[in-house]
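A look at the structure
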Amino acid sequence: MDLQRKQQVSMRGASVREISRDALLEQVTKERELRSYNRRVAASALFIQRVWRRYNMAKKVAMKLRREWDIQVSEDAEVLNCTWVSNTLLRPFLFFITYSSTLYQKPQVTDDKCMLKCFKILLKSINLADPEKNFCALALGTPEEKSAWLYQSCKLFSICSYVLSKCNYSSGFKDTVLLTAICMRLMIALTDIKTWKNIKTASASDGAIATRSLIITISNRSSGLYCCMRSYIMKLPVSADKQYKIVQIDDLVMVTASAITLAVRPFQVAGPQIDEKLLLHQLNTNQKFFQDIKDAAEQFCIFLLTIPWFKERIPGALLPALRHPTVLFPCLKVLLISKDEIFSEMANLDKIKESNVGPVPSAAWALGNIMSLVTEHDSECTDSGRFLECLDYKLYLHAVCCISEFLLPCLEMVRDTKKYNDKETTADDISKEATQSNFLKKEEYSEDLSMSLVNLIKPVQQQWHLIRLLAVVKKNDMTIGESHSSVQSSCLELLDIVFFYSHMLRIYSLLNLASGSLPVLNVLAFTPGFLLELWEGLEGSLMSQGSTMSSSTEQKDISHVSLQKGALEEKERRSVKDSGNKWVNVLQKFTGKSTLDTDIHSSDRGSLFSETFGTTDQHSVDNWDVESLRRGPQGISKGASCMLYLFCTTYAHLLLVLDDTEFYEKQVPFSLEQQRKISAMLNTAVYNGFIYNGQYDKILMDSAVRCLHLLYERDCRHRFCPPSLWTAPASKNRPPVAAAARAHEALSNALRSGDALTSQSMGSVINTIPHVFPFEERVQMFREFIKSDKESRRMAGEIAGPGPGSVEIAIRRDHIIEDGFRQLNSLGSKLKSCINVSFVNEYGLPEAGLDYGGLFKEFLTDIAKAAFNPDYGLFSQTSTSERLLIPHPVAGLLDKNIHMIEFLGRLVGKALYEGILLDYSFSLVFVQKLLGRYSFIDELSGLDPELYRNLMYVKHYDGDVKDLSLDFTVTEESLGKRVVTELKPGGANLIVTNENKLQYVHAIADYKLNRQVFPLANAFYRGLVDLILPSWLRLFNASEFNQCHLQLLSGGEHDFDIDDLKNNTRYTGGYSEGSRTIKLFWEVVRGFEPKERCMLLKFVTSCSRAPLLGFKHLQPSFTIHKVACDVPLWAVIGGQDVDRLPSASTCYNTLKLPTYKRQNTLRNKLLYAISSNAGFELS
């Protein structure tokens, strides 16, 4: 109660009850707000009244002035003098015309008549020679008259500009066209002192000052002149030759010519006769001259250069005025200086629907218009074209690069928005036909705009453009310091060209929806000497900074061996070499290498295919680690980084078409020594780019990685680099295998969850360039991944070993494929679980024995042997000597076979998952598909050598390819029928010629290596990744995966190191290394043929090949267990020896060997046992 009383306030005169303090304050606040609101309402009402009274009064005055003006002008038309024009004609006219435009947002019909009458009188006055009657005489009079003349002229310009902006020739209003033409004549007359008839020599300077002041005034943004010009030009037809039925083309040209004249007039304020050679010097040194034209140049860039198809809308006769150096150079110069303000205004234009066309940013049109103005070219011919005379090439390239840096983020945003909209459209599943039709039309319109813009910048994809720029660089180098050079370029450098084309590549990839940056890449890759110029620049800036790579070091890494090629292979190589002379001469022309340069390296090429690389020491490893790149691309300058990007992108494109003959024998465009340096540079840059900075330049890294992969895969196919080169960057700071595996798993998990920010640098290295780790370490990583996966499954409660819950299957040995497919294919990823196998003999009875892993290994090896047998029909063998396996093309015709191949992929995944070695080898082409990699033409030699030789013959054919009667089809035998497949749409009617033979060769190779193999390889891949993650497979290249002396799938060669097996063998049951039977055993094994040794290994371990990294890694270890037998001692020298046969426990890799006394007996019994293939029923 006391608390309630304290919160109460006693109010004098309150007769009902007391209120609280808070309620009182709230009431007072509301009353104050109400009084404030009432005051604002009253003030607003007064303001509205004043505005309304003013409007009414102004309206009455304007109407009165209009009537009086019409009467007075009609009566006093003959009384024409400059004072009357200024006071009687213009002052009231400007008032009621300006008022009418403000009131109705546009002049009315009656205003058009008044303007026609007024402007005709003005033109008549200006054309009079009598100073008393000429309106422009006021510009030469007293200061008050000059001020009045300038003010009224600016107002007239505003009105005429507005009329120009509303002029539309397609509307068909002849009066509007006539008015616009008179307006343009008036504007030209006011700004051109030559049209003033009253000017005398003495007063010419005053007239020039007056017109200069007027031009500078109207070129300001506030005048709106350039904005009105933009509105007018945007309505012109894109084709300058297009004519309208209503308006004659003469009117179109006259008005347009006047508008262009007014647009360029501010650039002539310093005098029309300024020396073009001194123009840029004036811009750089004369501050007043620069300020006079700065506003006009900014408006020119913002409002005119951003007009879509600007050049195409202007008649050809007017283009020289726009291309004149006094106009173009100041615009480019101001663009570089005031880029922030200009780009901000361009961005604002994109937000105005009337000013923007489609999704293409205004800056993109500015880029295209600048390039179309500074070049003259034939769109159909790539070799004809030229730049403007006296062009400052450096200024031109810098301006384009400046726009590109602003434009690229805009284009990327448009691309990302389009992708998002596409996803939303797919998710919403548009059902209404009208909506879908509108969406498709919008997409087509956007693509048409993008292609139109690409056509504007088409000189970039023409070779003459780059050749001219390179010629200017060389000329500048030769004439440096000479003042009489005819090319006014401020020292154009190769780096300027590099920046320019780097931006163009990215812009083309975003704009050119059809072929991306391919047209520009073709120019860069096949322009004579350009790649060599880039490499020399990179080598000078990167390789010379502390790098000690030298030919002497390479000789330590390279050991030459004698040529051991067969006569047939040597004959084939020479044939290919001779037939390739013409093509290599073309490539030498493209790359700038002379025939002399090619001959210099001929001695190296003779022994090229016999080069092998030995082991290297730490010193040689250090020499392949480029010191300047040890901090990655982030540690080099912006120029070197851009040059590296352009080099990688261009060279990667060229590597796609270089065959092995050109790369290894002809050595174009680079010698093998240069190729090794390039590989070392890219290897170091990519590795350190991932290691030292997670926020790397993605575009640069992607291009470097792509080029590095192409070089590495070529080296894997035919070595030209020492092994130490690829592992050099990680030789000193390589983490332990377990830590690297954890980093890789963390990256994989982050990518699967879509969280790219948590990606670790080491994980990126392993995922992208695993070759920096030695092969043995990558194998250990692979096993770490599987070990971690098994542990995760065990933690999740899945059955990982024998016992209740494991999968039980019964297999008939004579139906092993069918039974395995029926019982295991439906398991999918559950095939990772333990599989217990029981074999059924030919009588339908279960075979003796319990499966603790050995029977499943036997089942896996036997089913693989049967399914991959070419006689079964799913796989065939290549025609090479290795007889490697590849899916049979006919197998894809039946759905059952597709499912069977998918099942075989799961079995291979199970073998990899369990570490079971299998007896088969795949073709490299097939393995590459499993690794997600594209195959190129040179890999066809490992699949079909005859077809490869024929394609090389076509590629290097000296005559007319039409004589070979080829077309873009391929004919094959399928199920007894001839099937013709077109390599491209309409290929049957497309004849192979010298111009398209390169396309034909690569189309055939692509069909055989990729298109034909992909469906079957994809089915195999689907089964494989049920058990093995793709990121695990990418640790290895195709050669490591399935070829040479270390194979991931198949273990070692078809023989093994006996000493390695002996050193890693365990003895149990009483045997030791010194036991007599053990000594006899190893003597017998050494006497076996390689095939017999493999049979012994399969008998014990269920696989005929050695473990990948040697018997040290065989789990469980190879064991020989003693089986004691009662045999007399004299059996050593004669009599009855042990009659029992050896047996094996494959699940424990154990050979149960009786105590034989004689070597001959041991050999015979062992051979019988390993040849019987009777399983546990061996007696």
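Along every chain, residues carry numbers that run from 1 in the direction the sequence is written. Side-chain atom pairs in this predicted model are given and counted only at pLDDT of 80 or more, local residue features only at pLDDT of at least 70, and totals for whole chains, interfaces and linings cover all residues. The side-chain values count all of the structure's non-hydrogen atoms but skip hydrogen atoms and water molecules.

1. Some remarks on the overall build of the protein chain
Labels follow the DSSP assignment, with helices taken as runs of H or I lasting at least four residues and strands as runs of E lasting at least two, numbered in each case from the N terminus. Across its full length, the protein chain holds 49 helices and 16 strands. Counting over 1179 residues, the protein chain shows a buried share of 50%. Only heavy atoms enter the contact rule, under which two residues are in contact if any of them lie within 4.5 Å. When contacts within the protein chain are restricted to residue pairs at least 6 apart in sequence, those whose partners lie at least 24 apart make up 76%. For every accessible area listed, the method is Shrake-Rupley and the probe measures 1.4 Å; residues are considered covered only by the protein chains on display. Carbon together with sulfur atoms contributes 53% to the accessible area of the protein chain, which is approximately 56200 Å² in total. Partly exposed describes any residue whose relative accessible area lies between the buried limit of under 20% and the exposed limit of over 50%, with all areas from a 1.4 Å probe on protein chains only and scaled to the type maximum.

2. Some words on the sheet that holds strand β15 (residues 1143–1145)
Here, strands pair whenever DSSP counts at least two bridges between them. Spatially, the four strands line up as an open sheet ordered β13-β14-β16-β15, and their pairing is mixed. For this open sheet the edge positions go to β13 (1065–1068) and β15, each flanked by a neighbour on one side alone. Averaged over all adjacent pairs, the angle separating strand axes in this sheet is 25°, with direction ignored. Axis definition: a line fitted to C-alpha atoms, limited for helices to the stretch in contact. Angles are taken between N-to-C directions and run from 0 to 180 degrees.

3. Comments concerning the packing of helix α31 (residues 672–692) against helix α32 (residues 698–717)
One can describe the packing of α31 onto α32 by two numbers: an axis separation of 9 Å at closest approach and a directional angle of 135°. As judged from the angle between their axes, α31 and α32 are oblique. At the point where α31 passes α32, the crossing takes the left-handed sense. For the pair α31 and α32, the contacting residues are Gln675, Ile678, Ser679, Leu682, Asn683, Ala685, Val686, Gly689 and Phe690 in the first and Met701, Ala704, Val705, Cys707, Leu708 and Leu711 in the second. Geometric relationships in this document are graded by angle, where less than 35 degrees denotes roughly parallel, more than 145 denotes roughly antiparallel, 65 to 115 denotes roughly perpendicular, and other angles denote oblique. Crossing chirality is assigned from the near helix's rotation relative to the far helix, an anticlockwise turn below a right angle marking it left-handed and a clockwise turn marking it right-handed.

4. Considerations on the packing of aromatic side chains
Here a pair means two rings of Phe, Tyr or Trp (six-membered ring of Trp) with centres within 6.5 Å. Their orientation is stacked below 30 degrees between planes, edge-to-face above 60, and tilted elsewhere. For the structure shown, the criterion picks out 42 aromatic pairs. Between Phe663 and Phe720, the ring centres sit 5.2 Å apart and the planes meet at 65°, which makes this aromatic pair edge-to-face. Residue Phe663 is found in helix α30 (residues 660–666), and its partner Phe720 is found in the loop between α32 and α33 (723–727); the two are separated by 57 residues along the sequence. The same class applies to Phe663 and to Phe720, which are both buried. One aromatic cluster is present, built from ring pairs that chain together Phe387, Tyr393, Tyr396, Trp464, Phe500 and Tyr501.

5. Overview of unusual backbone geometry
That bond from Val668 to Pro669 is cis: its omega, 5°, falls within 30 degrees of zero. One can find Pro669 in the loop between α30 and α31. Phi is positive for Gln667, which is not a glycine, with a value near 55°. Mapped onto the elements, Gln667 comes out in the loop between α30 and α31. For Ser965, which is not glycine, the phi torsion reads 55° and is therefore positive. Tracing the chain through its elements places Ser965 in the loop between α41 (945–955) and β11 (969–974).

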